[in-house]
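A structural walkthrough
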Amino acid sequence: MKSDTSIILQTATRLLVPLLLLFSIFLLLRGHNEPGGGFIAGLVASSAFALHLFAFDASSTKKLLKVESQLLMGVGLLLALLSGMIGVIFRGQPFLTSQWATLDVPGIGELAVSTPLLFDIGVYLVVIGVVSTILLSLDKVGE
């Protein structure tokens, strides 16, 4: 924990980070129907991690991320690629053609899933990974 940061900033960060991450999930899930999506949701989530980095230190921010930021980039790219390949493999349609399916989930009802959502999740992970890598790299330069 940084000793030169404000206790007010640290306390506010503890309250704001969960709210920012929840808001980023909201933006992610509504993105293919309304304004939002993977990119802006990833930026909001990255701002939560940036705020945490400013208030605390790089090691506690890495603990908050739980995985390496380079792994997030790789998984995100694979998800985005997979979302484009689903139509090619299963339906013989062009790359990145949207595919929709309806699942009957007990207790919830019908749940519509789509490849645009999978693509948005991939973009979300890539943006978080890239911005986190940049921020953590800049923090190392300042040491």
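Everything in this summary refers to the structure shown in the same document. (Residues numbered from 1 in each chain as written. Predicted model: local features only at pLDDT ≥ 70, side-chain atom pairs only at ≥ 80, totals over all residues. Heavy atoms only, no water.)

For the rest of this paragraph, the subject is the pairing of strand 1 (residues 100-105). As judged from the 6 bridges shared by strand 1 and strand 2 (residues 109-114), these two strands associate in the antiparallel manner. Paired with Trp 100 across the strands is Ser 114, a residue of strand 2. (Pairing = 2+ DSSP bridges. Helix = DSSP H or I, 4+ residues; strand = E, 2+ residues; numbered from the N terminus.)

Turning our attention to unusual backbone geometry. Phi is positive for Lys 66, which is not a glycine, with a value near 70°. Residue Lys 66 is classed as exposed on the basis of its relative accessible area, which comes to 70%. (Buried < 20%, exposed > 50% of the residue type's maximum accessible area, 1.4 Å probe, protein only.)

On to the packing of aromatic side chains, then. One pass over the full model with this rule turns up 1 aromatic pair. Summarising the aromatic geometry, the rings of Phe 23 and Phe 26 are spaced 6.1 Å apart at their centres and angled 25° between planes, so their arrangement reads as stacked. Highlighted residues: Phe 23 and Phe 26, both in helix 1 (residues 7-30), separated by 3 residues, approximately one helical turn. A residue is classified by how much of its surface remains accessible, and Phe 23, at 40% relative accessible area, is partly exposed. (Phe/Tyr/Trp six-rings, centres within 6.5 Å; stacked < 30°, edge-to-face > 60°.)

With that settled, consider the side chain of His 52. The residue His 52 is located in helix 2 (residues 38-55) in this model. With near-sequence residues (within four places) excluded, His 52 lies in contact with Thr 13, Val 17, Asp 57, Ser 60, Thr 61 and Leu 64. (Contact = heavy atoms within 4.5 Å.)

We now examine helix 4 (residues 69-91). Taking 1.5 Å per residue, 23 residues should reach 33 Å; helix 4 reaches 34 Å between its end C-alpha atoms and fits that length. Its axis deflected by about 35° at Met 85, helix 4 carries its strongest bend there. Buried within helix 4 are the following residues: Ser 69, Leu 72, Gly 76, Ala 80, Ser 83, Gly 84 and Gly 87. Check the buried side of helix 4 and you find it contacts helix 3 (58-65) and helix 5 (115-141). (Expected span 1.5 Å × (residues − 1). Bend = angle between axes of the 7 residues up to and from the residue.)

Moving on, we get to a nonpolar patch on the surface. Taken together, the side chains of Leu 78, Leu 81, Val 88, Ile 89, Phe 90, Phe 95, Leu 96 and Phe 119 define a hydrophobic patch exposed on the protein surface, amounting to about 800 Å² of accessible area. With 5 residues, helix 4 is the largest single contributor of residues to the nonpolar patch. Relative to the assigned elements, Leu 96 resides in the loop between helix 4 and strand 1. You can call Leu 96 partly exposed: its relative accessible area is 45%. (Patch = residues over 30% accessible without salt bridge, like charges linked within 9 Å, V, L, I, M, F, W, Y side chains within 5 Å. Areas by Shrake-Rupley, 256 points an atom, 1.4 Å probe, with all protein chains shown as cover. Salt bridge = Lys/Arg side-chain N within 4 Å of Asp/Glu carboxyl O.)

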